[in-house]
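# A structural walkthrough
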Amino acid sequence: MADTTDEDIIEEALERFEYAKDAWDNIHQQYREDVRFCNGEQWEDKILRLREQENRSVLTYNKLISNIKYIVNNARMNMPSITCSPYTEGADQNTAKVYDGLIKYILYNSNAKTVFANSLRQSVMGGLGAFRLVVEPDMDGQPDFFVRGIKDPTTVYIDPDAERFCFEDMKYCFVISWMLKTDFEKKYPDASSTPIDSDSNWFQKDKVQIAEYWYKEDGQVKMVIMTANEILESLDNYRPRYIP
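The model shown is predicted, which means the values in this text are computed figures rather than measured ones. (Residues numbered from 1 in each chain as written. Predicted model: local features only at pLDDT ≥ 70, side-chain atom pairs only at ≥ 80, totals over all residues. Heavy atoms only, no water.)

### Considerations on the layout of surface pockets
Space inside the second largest pocket adds up to approximately 280 Å³. If you trace the second largest pocket, you find 16 residues lining it, with Arg 132, Val 175, Ile 176, Ser 177 and Glu 212 closest to the centre. Counting residues per element, the ones that place at least two in the lining of the second largest pocket are strand 4 (172–180) and strand 5 (207–217). It is strand 4 that contributes the most residues to the lining of the second largest pocket, four residues altogether. Class assignment of the residues belonging to the lining of the second largest pocket gives a composition of seven nonpolar, three polar and six charged. (1 Å grid on protein atoms, 1.4 Å probe; cavity = no way out; pocket = protein on both sides within 12 Å on 5 of 7 lines; lining within 4 Å. Points joined across faces, edges and corners; volume = space filled by probe spheres on them. Helix = DSSP H or I, 4+ residues; strand = E, 2+ residues; numbered from the N terminus. Nonpolar A, V, L, I, M, F, W, Y, C, P; charged D, E, K, R; others polar.)

Laid out in structure tokens, this is it:
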């Protein structure tokens, strides 16, 4: 089997991204509308402009915020916890307790309670919420696990063909972000900040869209950071079977 080239990865990634974007865009748009409504933008634009032109009242009595706070605060006080149980051959209660301690340390060190609550708030307001487990350097520069929130869940594009409730059977996932062109050129001085394809919407006048692209290949999970032009970074030492 021939080795997969960067061009092959980019071509497949762009095709998958457009497919996922088509599947998720309507859901993401509904999320944005719901969040705006929860934040008090409850008048339709056409009616709002008409009433303003007529100098009529456009007051908003937002009755949702108190209910949202009630749900989120109640969840904060009753946050579920993770408990390890030995059930495979060779496992024992002492090992399970060690894993319990490691998981509690990761959650505490990540301020995971706040991350989970913010994700729940996103879900209550708009029906979508997102967070993830990442490996980052700790205060001593050593790699460690952290739970990190995702500020905007509409930047996440999961394989639309995944069928399981928690998407653990997804074959790929994108997390999209935008970087100022000046910052992009400083961080990736050898990369191109202009599109090869003039129709590409990954590039704007002063910004470049970057994707964290996770995908499964030959039973392994791989990750690259990419633009529509090229691969910027590769993560070659990722071992888990599931996309984080």
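Now that the structure has been shown, the text picks up again.
### Notes on the side chain of His 28
Topologically, His 28 is positioned in helix 1 (residues 6–38). Taking relative accessible area as the criterion, His 28 reaches 1% and is therefore assigned buried. Here Thr 154 takes part through its backbone oxygen, which lies 3.3 Å from a polar atom of the side chain of His 28. Leaving out residues up to four positions away in the same chain, His 28 has contacts with Leu 128, Pro 153, Thr 154, Val 156 and Tyr 157. (Buried < 20%, exposed > 50% of the residue type's maximum accessible area, 1.4 Å probe, protein only. Polar contact = N/O pair within 3.5 Å; in protein donor to acceptor, adjacent residues only side chain to side chain. Contact = heavy atoms within 4.5 Å.)

### So, the packing of aromatic side chains
Applying the stated criterion to the full structure yields nine aromatic pairs. Relative to Phe 174, the ring of Phe 17 has its centre 5.3 Å away and its plane inclined at 70 degrees; by these criteria the two rings are edge-to-face. With Phe 17 in helix 1 and Phe 174 in strand 4, this residue pair connects regions lying 157 residues apart in the sequence. On the basis of relative accessibility, which here comes to 2%, the residue Phe 17 falls in the buried class. Relative accessible area serves as the criterion here: at 0%, Phe 174 is assigned to the buried category. Three or more aromatic residues joined by ring pairs form one cluster here, namely Phe 17, Tyr 157, Tyr 172, Phe 174, Trp 202, Tyr 213 and Tyr 215. (Phe/Tyr/Trp six-rings, centres within 6.5 Å; stacked < 30°, edge-to-face > 60°.)

### Side note on a negative patch on the surface
Together, Asp 6, Glu 7, Asp 8, Glu 11 and Glu 15 make up a region of like negative charge exposed at the surface. Looking at where Glu 15 falls in the secondary structure, it is placed in helix 1. (Patch = residues over 30% accessible without salt bridge, like charges linked within 9 Å, V, L, I, M, F, W, Y side chains within 5 Å. Areas by Shrake-Rupley, 256 points an atom, 1.4 Å probe, with all protein chains shown as cover. Salt bridge = Lys/Arg side-chain N within 4 Å of Asp/Glu carboxyl O. Lys, Arg positive; Asp, Glu negative; His and termini not counted. Charge placed at Lys NZ, Arg CZ, Asp CG, Glu CD.)

### Here's the deal with the pattern of salt bridges
This model, assessed by the stated rule, comprises six salt bridges. When the shortest N-O distance is used, the salt bridge between Asp 25 and Lys 21 registers 2.9 Å. Of this pair, Asp 25 and Lys 21 are both found in helix 1, four residues apart, which corresponds to roughly one turn of the helix. What makes Asp 25 partly exposed here is its relative accessible area of 28%.

### Some remarks on the sheet that holds strand 4
Note: strands within a sheet are paired through backbone hydrogen bonds, in either parallel or antiparallel orientation. Pairing is antiparallel in the open sheet, where five strands are placed in the order 3-4-5-6-7. Each of the sheet's edge strands pairs with one partner strand only, and the pair in question is strand 3 (156–158) and strand 7 (231–235). Taken over all neighbouring pairs, the strand axes of this sheet differ in orientation by 20 degrees on average, direction set aside. Across three bridges, strand 3 lies against strand 4 in antiparallel orientation. Across the sheet, residue Tyr 157 finds its bridge partner in strand 4, namely Phe 174. Contacts from helix 1 reach strand 3, strand 4, strand 5, strand 6 (220–226) and strand 7, with the element oriented near 100 degrees to strand 3. (Pairing = 2+ DSSP bridges. Axes fitted to C-alpha atoms, helices over the stretch in contact; angles between N-to-C directions.)

### Considering helix 5 (residues 112–126)
Spanning 15 residues, helix 5 covers 21 Å between terminal C-alpha atoms, matching the ideal 21 Å at 1.5 Å per step. Burial in helix 5 covers these residues: Ala 112, Val 115, Ala 117, Ser 119, Gln 122, Met 125 and Gly 126. In this structure, the buried residues of helix 5 make contact with helix 1, helix 3 (64–77), helix 4 (93–109), strand 1 (131–137) and strand 2 (143–149). One or two residues past the end of helix 5 sits Gly 127, with phi positive at roughly 85 degrees. (Expected span 1.5 Å × (residues − 1).)

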